[in-house]
Amino acid sequence: MEKLIFSTGMEEYPLENGSILRFNPRDPSVLERFLTLEERITELKPQGASVAEKWADADTRCRKMLEEVFPGNDFWQLLGPGNSLALCENGVSVLGNFLNAVEQILEYGVQVLMEEAIQKAKERRGE
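The structure presented is a predicted model; accordingly, all values stated were derived computationally and were not measured. (Residues numbered from 1 in each chain as written. Predicted model: local features only at pLDDT ≥ 70, side-chain atom pairs only at ≥ 80, totals over all residues. Heavy atoms only, no water.)

Trainee: I'd like a rundown of the packing of helix α1 (residues 28-42) against helix α4 (residues 94-125), residues and numbers included.
Mentor: Across the interface, α1 lies against α4 with an axial gap of 10 Å and an inter-helix angle of 150°. Relative to α4, the element α1 is oriented roughly antiparallel. Every pair of crossing elements has a handedness; the one defined by α1 and α4 is left-handed. On the side of α1, the interface is formed by P28, V30, L31, F34, L37 and I41, while α4 contributes L95, L99, V102, E103, L106, V110 and L113. Class assignment of the residues belonging to the contact of α1 with α4 gives a composition of 12 nonpolar, no polar and 1 charged. (Axes fitted to C-alpha atoms, helices over the stretch in contact; angles between N-to-C directions. Helix = DSSP H or I, 4+ residues; strand = E, 2+ residues; numbered from the N terminus. Parallel < 35°, antiparallel > 145°, perpendicular 65-115°, else oblique. Left-handed = near helix turned anticlockwise from the far one by under 90°. Contact = heavy atoms within 4.5 Å. Nonpolar A, V, L, I, M, F, W, Y, C, P; charged D, E, K, R; others polar.)

Trainee: Please provide a residue-by-residue account of the pairing of strand β2 (residues 20-23), values included.
Mentor: Of the two faces of β2, only the one carrying L21 and F23 is buried; I20 and R22 on the other face are not. Bridging between strand β1 (residues 11-14) and β2 involves 4 bridges; their strand directions are antiparallel. The residue of β2 that forms the bridge with E12 is R22. With antiparallel pairing between neighbouring strands as the criterion, β1 and β2 make up a hairpin whose turn holds 5 residues, including G18 at a positive phi of roughly 95°. (Buried < 20%, exposed > 50% of the residue type's maximum accessible area, 1.4 Å probe, protein only. Pairing = 2+ DSSP bridges.)

Trainee: An account of the nonpolar core is requested, with residue identities and associated values reported.
Mentor: Residues L21, L66, F70, F75, F98, L99 and V102 are the most contacted members of the largest nonpolar core, which totals 21 residues. Taken together, the elements giving at least two residues each to this core come down to β2, α1, α2 (51-69), α3 (75-78) and α4. (Core = buried A, V, L, I, M, F, W, Y, C linked by side-chain atoms within 4.5 Å.)

Trainee: Any chance you could break down the environment of L113 for me, citing the residues and the numbers?
Mentor: Positionally, L113 belongs in helix α4. In sequence terms L113 and P46 are 67 residues apart; their C-alpha atoms lie 37 Å from each other. Setting aside residues no more than four positions away along its own chain, L113 makes contact with R26 and P28.

Trainee: Any details on α1? Residues and values, ideally.
Mentor: Its 15 residues give α1 an end-to-end C-alpha distance of 23 Å, which sits within 8% of 21 Å, the value for a rise of 1.5 Å per residue. Where α1 bends most, the angle comes to about 30°, and this point is T36. Taken as a whole, α1 has its buried residues at V30, F34, L37 and I41. For α1, the elements touching its buried residues are β2, α2 and α4. (Expected span 1.5 Å × (residues − 1). Bend = angle between axes of the 7 residues up to and from the residue.)

Trainee: Provide a residue-level description of the pattern of salt bridges, including the pertinent values.
Mentor: One pass over the full model with this rule turns up 6 salt bridges. With a shortest N-O distance of 2.9 Å, R22 and E12 are connected by a salt bridge. On the criterion of sequence distance, the pair formed by R22 in strand β2 and E12 in strand β1 is long-range, its members being 10 residues apart. Take R22: its relative accessible area is 37%, and that puts it in the partly exposed class. (Salt bridge = Lys/Arg side-chain N within 4 Å of Asp/Glu carboxyl O.)

Right under this line is the structure:
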């Protein structure tokens, strides 16, 4: 049997905890899912009897949302064992810091995607 080899556009982004985030930064569907994520998180209504249970529920649900945006990644490993909504030394949550970092990668990916599309359009027109 022959081995089929082709590019999927997947990129790997090592995190400081040693885990690796994998996704295609030029995939428009990833960008679309990412752009709806903030609204989904904002609308989140955590369940639980105590404050701690509500924080744990919100954390679990946020990680599941991230796994929908970036399929094939384990956000329990990527974000670590603490609550992803906990604040960091910069006053932003672990989740917020992650989203800010990924947003920069996606912005660059969209820019590259658009430049490639413009170049292909020019080539089709013979420019």
